[in-house]
Every structure is written in structure tokens, then in C-alpha cells.
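# A look at the structure
If you want the building blocks of each chain, they are given just below.
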Amino acid sequence: MRDLRPILLVEDNPKDAELTMAALARCQLLNDVTHVRDGVEALEYLRCEGRYTGAMHGGPVVVLLDLKLPKLNGLEVLKEIRTDAALSSTPVVMLTSSREEQDLIRSYELGVNAFVVKPVDFKEFLEAIQGLGMFWGITNQPPPHGTLFGAKSRKDG
């Protein structure tokens, strides 16, 4: 049976979030899509803290992470994910409008799984998001539940 953990979309732009959610819906994935609007909320979701305390989502199958976010930017969130033993295996795709080479380089230095520049063209944007959804939601085999979120967080000691 397929692992139906959610997809986590971390996007502060309401229009980009709506387009991304619509494109993922077109894939007819069975995975739920959870949308958060800033880096702090993303980490709270991943760590089941704050308003997500007690959540039993098992961790996302992939995090679609915008680079330019309020509170904590995408690079800061990625660094937190990769240095937290309980989250470090979580697949992360940087989904951004940035074409800055330094953002690309830094993302890979921090361990991003993929870096996708959001196409400006609507049709290309839909195709790119649908491709991501199909790959991460269906094709890719994520780490088992026990290797994610089962380890003690480095923040916990």
C-alpha cells in the first residue's frame, strides 16, 4: 500500500499557493496538501509544535519550500530541517521565483533534494507543479515512518 503522508507547501504568496494547490489537485493525488505561510509555521508543523501539537501526520512525503518567506526564510528552514535528527531525512524541494545562483548553491550546500524555479508562464507552472506532485507523491519511495520523526530531535537534547 502506498504511503499517503501529506505534502507540505510552505508559501507566503496567496496566488502562488492557490496555483500550486490547483496544480497538485489536477494530479489527483490521494495525499493531502497542507499549506503554511511562513518558516516558523513550517517548523511547528514538522515538529508537531504550536498549533500542530498532537498532530499525527507522520511527516510530509515532501516539503515544497519557498525561498523568500517571512519570519524564517527558506534557507533557514532548510538548515533547521537538515540539522534536526528527527527531520533530516525529509525530502525538501525549493520551489522559488529566485534565479540567483547563490540561492541555488546555498540550497544544495544545505542539502535540498531539488531546486525548481517557478515558471512565469501559467501553463508551464502547472506542468512543473504537476510533475513535482506526481514524482514526490507517487513515484518516489520516501523513507519509512520510523526514520522520520521517530528519532529524538536535536533541539530536545
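Look a little higher up for the structure.
Starting afresh in each chain, residues are numbered from 1 along the sequence in its written order. At least 70 in pLDDT is required for a residue's local features to be given in this predicted model, at least 80 for side-chain atom pairs to be given and counted, and no such filter applies to totals for whole chains, interfaces and linings, which use all residues. To get the side-chain values, all heavy atoms of the structure are used, and hydrogens and water are removed first.

### Notes on the overall build of the chain
The helix and strand labels rest on DSSP assignments: H or I over at least four residues marks a helix, E over at least two residues marks a strand, and numbering proceeds from the N terminus. Each helix and strand in the chain was counted, giving five helices and five strands. Moving toward the C terminus, one meets the helices and strands of the chain in the order β-α-β-α-β-α-β-α-β-α. The 157 residues of the chain split such that 48% are buried. Of the contacts made within the chain by residues no fewer than 6 positions apart, 70% connect residues no fewer than 24 positions apart. In this description, accessible areas are obtained by the Shrake-Rupley approach with a 1.4 Å probe, and a residue is regarded as covered only by the protein chains that are shown. Carbon and sulfur atoms provide 53% of the accessible area of the chain, an area that totals close to 8100 Å². In this scheme, a residue with accessible area under 20% of its type's maximum is buried, one over 50% is exposed, and one in between is partly exposed, where area comes from a 1.4 Å probe on protein chains only. We call two residues contacting when some pair of their heavy atoms lies within 4.5 Å.

### Points about the packing of helix H1 (residues 14–26) against helix H5 (residues 122–139)
Geometry is summarised by axes, namely lines fitted to C-alpha atoms with helices restricted to the contacting stretch, and by angles between N-to-C directions that run from 0 to 180 degrees. One way to put it is that H1 packs onto H5 with a least axis distance of 8 Å and a crossing angle of 60°. Classified by the angle between their axes, H1 and H5 sit oblique to one another. By crossing handedness, the relation of H1 to H5 is classed as right-handed. Packed against H1, whose contacting residues are Asp16, Leu19, Thr20, Ala23, Leu24 and Arg26, the element H5 presents Phe122, Phe125, Leu126, Ile129, Gln130 and Gly133 at the interface. Here the term charged refers only to Asp, Glu, Lys and Arg, the term nonpolar to Ala, Val, Leu, Ile, Met, Phe, Trp, Tyr, Cys and Pro, and the term polar to all other amino acids, Gly among them. Tallied by class, the residues present in the contact of H1 with H5 amount to seven nonpolar, three polar and two charged. Between 65 and 115 degrees an angle is taken as roughly perpendicular, under 35 as roughly parallel, over 145 as roughly antiparallel, and anywhere else as oblique. If you view the pair so one helix is near and one far, a crossing is left-handed when the near helix is turned anticlockwise from the far one by less than a right angle, and right-handed when it is turned clockwise.

### Section: the packing of aromatic side chains
Any pair of Phe, Tyr and Trp rings, taking the six-membered ring for Trp, is counted once the centres come within 6.5 Å. Such a pair is stacked with planes under 30 degrees apart, edge-to-face with planes over 60 apart, and tilted for the rest. Under the definition given, this model contains one aromatic pair. Ring geometry for Tyr45 and Tyr52: centres 5.2 Å apart, planes at 85°, overall edge-to-face. For Tyr45, a relative accessible area of 3% translates into the label buried. Note on Tyr52: relative accessible area 11%, which makes it buried.

### Section: the sheet that holds strand S1 (residues 7–10)
By definition, two strands form a pair when at least two bridges between them are found by DSSP. Here five strands make up an open sheet; going across it, the order is S2-S1-S3-S4-S5 and the pairing parallel. Both outer strands of the open sheet, strand S2 (33–36) and strand S5 (114–117), are each paired with one neighbouring strand and no more. Sheet twist, expressed as the average angle between the axes of neighbouring strands with direction ignored, equals 20°. Pairing of S1 with strand S3 (residues 62–65) involves four bridges; the strand directions are parallel. Bridge pairing in S3 places Val10 opposite Leu65.

### With respect to helix H3 (residues 74–83)
For H3, the complete set of buried residues consists of Gly74, Leu75, Val77, Leu78, Ile81 and Arg82. Looking down the long axis of H3, one finds its buried residues gathered within 160° of arc, a one-sided arrangement. Lining the buried residues of H3 we find helix H2 (39–47), S3, strand S4 (92–96) and helix H4 (101–109). The opening residue of H3 is Asn73, an N-cap whose side-chain oxygen sits 2.9 Å from the backbone nitrogen of Leu75. Taking the helix axis as origin, the arc is that swept by the directions to the C-beta atoms. Pairs of N or O atoms are called polar contacts if they sit within 3.5 Å, as long as, within protein, a hydrogen donor faces a hydrogen acceptor (for residues adjacent in sequence, only side-chain-to-side-chain pairs).

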